[in-house]
Number of protein chains: 2
Amino acid sequence: MSKRISVAELTRFSVDALTGAGMTPSDAQTVADVLVTTDTWGTFSHGTGALATYIRTMGSGGIARCAKPEVVGEGTAWAIVDGHCAMGMLSSSLAMNLAIQKAQENTIAWVGVRNGSHFGAAGYYATMAAQRDMVGIAMSNADPNMVIPGARGHVIGNNPISYAVPTGSEHPLMLDIALSAVAAGKIFAMKEQGQSIPPSWLTDADGLPTCEIGEWPQTGSMLPMAGHKGYGIAVLVEVLAGVLTGAGVLSGVKSWVLQPEERSQLGQAFIAINVGAIVPLREFTRRVDHVIQELRQAPKAKGSDRIYVPGEMEWAKREDALKNGIELPDPVYASLERLGQQLGIELQAA
Amino acid sequence: MSKRISVAELTRFSVDALTGAGMTPSDAQTVADVLVTTDTWGTFSHGTGALATYIRTMGSGGIARCAKPEVVGEGTAWAIVDGHCAMGMLSSSLAMNLAIQKAQENTIAWVGVRNGSHFGAAGYYATMAAQRDMVGIAMSNADPNMVIPGARGHVIGNNPISYAVPTGSEHPLMLDIALSAVAAGKIFAMKEQGQSIPPSWLTDADGLPTCEIGEWPQTGSMLPMAGHKGYGIAVLVEVLAGVLTGAGVLSGVKSWVLQPEERSQLGQAFIAINVGAIVPLREFTRRVDHVIQELRQAPKAKGSDRIYVPGEMEWAKREDALKNGIELPDPVYASLERLGQQLGIELQAA
């Protein structure tokens, strides 16, 4: 049984949980906004369902609950933020805000994060830029959880990447993807149900495609989306978010879930493009709206009655969530209830 | 039977063919360098095998043989080039050179092209930046040749995107991909051989996945790589290369092959990131080399004896081509011979 919780109540609960775990109210608010916004999109894998794990990792020392991210290098069009292993939402929000600010003066800006932590859903930061009339791009490396062509085992992260584009009368275009063929969460869910999978999702202990989930993730590894193409894009993210920032790369990145006592050394990168400095903003947004309309009005496939543009499903869910509350899936609700019991705070259904 | 042709001879032939078709020697040299470099990588779909088609489209008016691309707007960190429908290699080389120049001052720069034409292999331009110690990103929209989820027929281009990354002792990392599940050329080749295909490549007239090539490309359409993920990335390219530049978008882009009398209205976008302005260049390239080594040394899959990093195969082929000549596939060699006969110029095998 799923429960609807209002956005305000879920935010209140999250802030209370995070301050209970030792964060300042202001930092807790920043983190809660990322997680609850992600839940409103229906992306529950990256929302408040992860609160308990973040708090556990803070307790184990892998995330520094009181650290303050700091700008350690900058120019007119770039900056590097040292996250000091604080919650990733703090360093990432700071970084994207800085990119937006620099793009206001400079049209385009890149800001990277080193000593980062898991930043939640990349789409949150890309959307920050779109809400300021800029194209936003956000990416992070990840602890190795994906194989590469010719290899076996975990070699590179399924490095998430996201963009958002400002529009006229439409919601921002938004895409937020990991570079594995499918999300790990989906495979875990199918494993629990004892299902087999298509051969494009996982490799076995030998590094060969398999339809059996088997002992994954202990042995075997996720396949990149689109084979060498997804692998290639993952390497670009590793370069821009890991190498260029001075963060950990590949095996130097640790899992914030499985190694909660270790600092993850994640890296992130954020790009903002101030489109209104290049062409009149209205002309740009009118043309984006035209693209959206043309995509939506394409002839439909047999059995299809609707075409979605990137982000459209998420914004529709958010509208519903803001009006009617968020319908949390059972496992998320249960994890929040357990967390509330531990911390002595209560989650009120709407 | 394939024929080995030296790089110098293939370049000489290409320049002669292009000047014969009315281009200036200097412009012809620029175009020839893009096409022959692409052949050295073994990417024959985008090399001199396309010379005859470019020349035919110039003859039909879709490409303006003597037009000079022009910078029509710029700031410290950006520019827009009007390609005036000249050969795409001219406007794109100008644009990437401008991006590199602006990134030298400004760390990061974006340059777009409107009224563009087909630019050949995106990887050529990304590599220009890597050779100047910058991360280069190059992308183009394309005439609609790909379906999107829920639709049938051609809705969006399989918009190519490429990056290149400078390294220390290694060749640049380089990826150059189109966003369809597979290249159209591969499907054409299998069609000729009467083969069937995996269901992730094409949709039929109803927009449903099919294993039969059938009447494609008249009916049916290529599927995006990785489903909604490839679709989403194609939309980003459409925004950065089409919308932001003022080029054609979606159905506003015409095929330079099938509609040779029409100007294609393609758009391109180029980004250069001057990594040495952010971190010491040597530190950056040392770290990239470390990533390359770690990828290469990952445990091998059963039956695999080698792992390649992005671009490695292309650079190996290029080394061989520079030493021993380019081994042109039969259809490429035959098309060059026919073109030579038309223009009264000869191609000498090495």
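Everything below is about the structure shown above.
Source: prediction; values computed, not measured. (Residues numbered from 1 in each chain as written. Chains lettered and ligands numbered in written order. Predicted model: local features only at pLDDT ≥ 70, side-chain atom pairs only at ≥ 80, totals over all residues. Heavy atoms only, no water.)

**A look at the sheet that holds strand S7 (residues 173-177) of chain B**
Then, in step 1: Within the open sheet, the 7 strands sit side by side as S2-S3-S4-S11-S5-S6-S7 (chain B). Their pairing is mixed. Two strands lie at the open edges of the sheet, namely strand S2 (70-74) and S7 of chain B, each paired on one side alone. Shown here is a sheet whose adjacent strand axes are inclined to one another by a mean of 15°, direction ignored.
Then, in step 2: Along the sheet, helix H7 (residues 228-243) of chain A makes contact with strand S5 (135-140), strand S6 (161-165), S7 and strand S11 (266-273) of chain B, crossing S7(B) at roughly 135°.
Then, in step 3: Along the sheet face, helix H5 (residues 122-130) of chain B touches S5, S6, S7 and S11 of chain B and points at about 25° away from the line of S6(B). (Pairing = 2+ DSSP bridges. Helix = DSSP H or I, 4+ residues; strand = E, 2+ residues; numbered from the N terminus. Axes fitted to C-alpha atoms, helices over the stretch in contact; angles between N-to-C directions. Contact = heavy atoms within 4.5 Å.)

**A look at helix H10 (residues 330-343) of chain A**
A turn of α-helix holds 3.6 residues, and therefore any two residues three or four places apart point the same way.
Residues and elements named next belong to chain A.
Then, in step 1: Taking 1.5 Å per residue, 14 residues should reach 20 Å; H10 reaches 20 Å between its end C-alpha atoms and fits that length.
Then, in step 2: Contact partners of the buried residues in H10: strand S1 (3-5), helix H1 (7-20), helix H3 (51-60) and strand S12 (326-328).
Then, in step 3: Phi for Gly344, located one or two positions after H10, is positive at around 70°. (Expected span 1.5 Å × (residues − 1).)

**Some remarks on the interface of chain A and chain B**
Then, in step 1: Facing 70 residues of chain A, the contacting portion of chain B comprises 70 residues.
Then, in step 2: Summing both partners gives a buried area of about 5,800 Å² for chain A against chain B, and 73% of it is carried by carbon and sulfur.
Then, in step 3: There are 0 salt bridges connecting chain A and chain B.
Then, in step 4: Remark: the boundary between chain A and chain B carries 26 residue pairs in polar contact (both at pLDDT 80 or more).
Then, in step 5: Only strand S3 (78-82), strand S4 (108-116), strand S6 (161-165), strand S7 (173-177), H7 and helix H8 (281-296) of chain A provide two or more residues apiece to the side of chain A that touches chain B.
Then, in step 6: Element by element, the count of residues in the side of chain A that touches chain B is highest for H7(A), at 11 residues. (Buried area = accessible area lost by both parts, 1.4 Å probe. Salt bridge = Lys/Arg side-chain N within 4 Å of Asp/Glu carboxyl O. Polar contact = N/O pair within 3.5 Å; in protein donor to acceptor, adjacent residues only side chain to side chain.)

**What about unusual backbone geometry?**
For residues that are not glycine, phi is negative in most cases, and the peptide bond is trans in most cases.
Then, in step 1: The peptide bond linking A:Trp216 to A:Pro217 adopts the cis configuration, its omega dihedral lying at 5°.
Then, in step 2: When you line up the elements, A:Pro217 lands in the loop between strand S9 (209-210) and strand S10 (221-222).
Then, in step 3: A positive phi angle is found at B:His84, which is not glycine, with a value near 45°.
Then, in step 4: Counting through the fold element by element, B:His84 comes out in the loop between strand S3 (78-82) and helix H4 (88-106).

**Remarks on the packing of H1(A) against H3(A)**
Residues and elements named next belong to chain A.
Then, in step 1: As a packed pair, H1 and H3 sit with axes 10 Å apart at the nearest point and diverge in direction by 15°. Considering the angle they form, H1 stands roughly parallel to H3. In the crossing of H1 with H3, the sense of the turn from one axis to the other is right-handed. Residues Phe13, Ser14, Ala17 and Leu18 of H1 touch H3, and the partners they reach there are Leu51, Ile55 and Met58.
Then, in step 2: The class makeup of the residues in the contact of H1 with H3 is 6 nonpolar, 1 polar and no charged. (Parallel < 35°, antiparallel > 145°, perpendicular 65-115°, else oblique. Left-handed = near helix turned anticlockwise from the far one by under 90°. Nonpolar A, V, L, I, M, F, W, Y, C, P; charged D, E, K, R; others polar.)

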